[in-house]
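Residue-level listing of the chains:
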Amino acid sequence: MLALRLSLGAHPAVQLRRSLVAAASAGTGFLLLSALGHALAHPDPSVSALRLAWCAAPLAATVYFAVAVARTDPGTRPRPGLSAVGLGPVRLMAISAATTAASCLLGSALALLVFLGLRGDLTALPFDSAGTDFLAAGRPLPLPAALTLLALVPLSASAAVVVALRPREPVAGLPRATRTYGRFGAYRRTPVLESFGAYGRFGKRFGPSARGRRTAGTAPEQEGAVETAAGAEGAAESVGAPPTVPRTVPSGLPWGITVLAVGLAVEAFASRPGPGSPADRPAALLGLALACVGLALAGPGLTHLCGRLLQTIRPGALRLLAGRVLMTEATRIGRPLGVVCAVMSAAYAMAALHDREDTSSAPLVTLGALLVAGCTVATLLTAAVESRQARAATTAALRRVGAPVVTLRRAAVLRAGALLALFGPLSLVVAELSTWPLTG
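Residues numbered from 1 in each chain as written. Predicted model: local features only at pLDDT ≥ 70, side-chain atom pairs only at ≥ 80, totals over all residues. Heavy atoms only, no water.

### A word on the overall build of the protein chain
For the protein chain, the helix and strand inventory stands at 16 helices and 2 strands. Expressed as a percentage of its 440 residues, the buried residues of the protein chain come to 37%. Taking as baseline every contact in the protein chain between residues at least 6 positions apart, the subset at least 24 positions apart corresponds to 74%. Roughly 25300 Å² of accessible area belongs to the protein chain as shown, and the carbon and sulfur atoms make up 67% of that amount. (Helix = DSSP H or I, 4+ residues; strand = E, 2+ residues; numbered from the N terminus. Buried < 20%, exposed > 50% of the residue type's maximum accessible area, 1.4 Å probe, protein only. Contact = heavy atoms within 4.5 Å. Areas by Shrake-Rupley, 256 points an atom, 1.4 Å probe, with all protein chains shown as cover.)

### Comments concerning the environment of Leu36
Looking at the element boundaries, Leu36 is found in helix H2 (residues 12-41). Of the residues examined, Leu36 reaches a relative accessible area of 13% and is grouped as buried. With 13 residues separating them in the primary sequence, Leu36 and Ala49 have C-alpha atoms 9.4 Å apart.

### What about helix H5 (residues 89-119)?
Here H5 spans 45 Å end to end across 31 residues, near enough to the 45 Å set by a 1.5 Å rise per residue. Residue Gly120 follows H5 closely and has a positive phi angle near 95°. (Expected span 1.5 Å × (residues − 1).)

### Description of the packing of helix H3 (residues 45-54) against helix H4 (residues 56-71)
With their axes 4 Å apart at the nearest point, H3 and H4 run at an angle of 20° to one another. Classified by the interaxial angle, the pair formed by H3 and H4 is roughly parallel. In contact with Leu52, Ala53 and Trp54 of H3, H4 contributes Ala56, Ala57 and Pro58. Each residue belonging to the contact of H3 with H4 can be placed in one class, and the counts come to 6 nonpolar, no polar and no charged. (Axes fitted to C-alpha atoms, helices over the stretch in contact; angles between N-to-C directions. Parallel < 35°, antiparallel > 145°, perpendicular 65-115°, else oblique. Nonpolar A, V, L, I, M, F, W, Y, C, P; charged D, E, K, R; others polar.)

### Focus: the nonpolar core
Core analysis: the biggest nonpolar cluster contains 34 residues, and Val21, Phe30, Leu33, Phe65, Phe115 and Leu141 have the highest contact counts within it. At the level of secondary structure, the elements contributing two or more residues to this core comprise H2, H4, H5, helix H6 (143-150), helix H7 (152-165) and helix H14 (362-390). Of the residues forming this core, the biggest block, 9 residues, is contributed by H2. In terms of nonpolar packing, the next biggest core, distinct from the first, is built from 30 residues, Leu302, Ala322, Ala383 and Leu419 among them. (Core = buried A, V, L, I, M, F, W, Y, C linked by side-chain atoms within 4.5 Å.)

### Side note on the side chain of Ser387
Among the structural elements, Ser387 can be located in helix H14. Residue classification places Ser387 among the buried residues on the basis of a relative accessible area of 2%. For Ser387, the side chain forms a polar contact with the side chain of Arg391, separated by 2.6 Å. Setting aside anything within four residues of it in sequence, one finds Ser387 in contact with Glu329, Arg332 and Ile333. (Polar contact = N/O pair within 3.5 Å; in protein donor to acceptor, adjacent residues only side chain to side chain.)

### Examining helix H15 (residues 392-400)
Listing the buried residues of H15 in full gives Thr394, Ala397 and Leu398. Viewed end-on, H15 has its buried residues packed into an arc of 100°, placing them on one side of the element. Among the exposed residues of H15, those oriented more than 90 degrees off its buried face are Ala393 and Arg400. Once H15 finishes, Gly402 follows within two positions and takes phi at roughly 100°, a positive value. (Arc of directions from axis to C-beta.)

### Regarding unusual backbone geometry
Here Ile313, not a glycine, exhibits a phi torsion of approximately 60°, which is positive. Within the secondary structure, Ile313 is located in the loop between helix H11 (299-310) and helix H12 (317-328). Not every positive phi belongs to a glycine, and Arg314 is a case in point at roughly 55°. Positionally, Arg314 belongs in the loop between H11 and H12.

### A closer look at the side chain of Arg391
Checked against the element boundaries, Arg391 lands in the loop between H14 and H15. For the buried Arg391, no salt bridge is present, and the opposite-charge side chain at shortest range is Glu329, 5.0 Å distant. Ignoring sequence-local partners within four residues, the contact set of Arg391 consists of Val325, Glu329 and Arg415. (Lys, Arg positive; Asp, Glu negative; His and termini not counted. Salt bridge = Lys/Arg side-chain N within 4 Å of Asp/Glu carboxyl O.)

### A few points about the environment of Val14
Mapped onto the elements, Val14 comes out in helix H2. Here Val14 falls in the buried class, since its relative accessible area comes to 5%. Look past the residues within four positions of Val14 in its chain and what remains in contact with it is Asp73 and Pro74.

### Side note on a nonpolar patch on the surface
On the surface, a nonpolar cluster with roughly 380 Å² of combined accessible area is contributed by Leu50, Trp54, Leu285 and Met350. Secondary-structure assignment places Trp54 in helix H3. (Patch = residues over 30% accessible without salt bridge, like charges linked within 9 Å, V, L, I, M, F, W, Y side chains within 5 Å.)

Right, here's the structure in full:
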């Protein structure tokens, strides 16, 4: 009941994202029911199993999008004071999983209604058109099998949300800051030795947190300058400006390049002369899948590298801000961006191999391609929204110290242009290299 109240009282943008999750779940559920209908109409189990296996890509894309929407839901975000009323991290995680399951169940119910309507079970006449043998209109539909297939999306999405949003304990074994003692037993953070008499020197113990305080004899205009300097330093530290550098560097770039090279090598091995076309060999499709996985793994590392390249050769304030934001948000933005590039490369390769004369499964192929592409692009946009929410305090700090809105917008445009300049040609190159062994 609490999950339902949070869902109904959410912001319209949040409701729109949940509606998109329900639409993606409806499309995936319809594809699963179509695989069941094809199995009822055709006695060959291998072809039906292959059609069911092709539904794994839309299912994975839908679950990936549902997790991204759950991460950006402000209604289930931990806030101070909620634990006192029984809404701790575990309870909020359960509410988020229940909300995701409700959206997916709504989409699955819609898919069942549409499928039954096209079959003619809800109306007098079935939908009569070319290439609709997957409906199995003249055969009874096994309801337990249909419900089992429709339950795959809600169960998978809710389980993925639980795994992604589970409360994480602090990692044991990390080095902790040792407490040291200074002059006269005072606590210090760093064991730096002081000279004799340094303790009584005025202003010696003032750190960055005390720079914005008004001291005795400070003029009002000098006080404003001190506060502006302190705010600028805090904003610079929060966005990762020098001398503060993001400590966590994504480690997936070498692995991504390795998997990508292995995938291209497998495709080249499968394209050797032999009986049958290269596209009919399982090794060719395996190589294409490995190439796409490698490109997705390399996304965060490439985003971090793009942020570093923006700051080379005497950068100004605009390039410095854009580059440090990319380095800080490399994992959050780079992972869905790499997935989008992988999907684009795979779609380009599959379009070159698709037989245009076979129109029996054209509607289902189009629906699956739209689902995968739409879910991955929507996940990227959702990750951008999450990144913007994470930088809300930084943006507010920059505005307080006088940063104009035009500068922040130019930095955003510069980040988008740099990512497009790096990932666009890379996706085309990987797509061409993946298609050449398959069509040769």
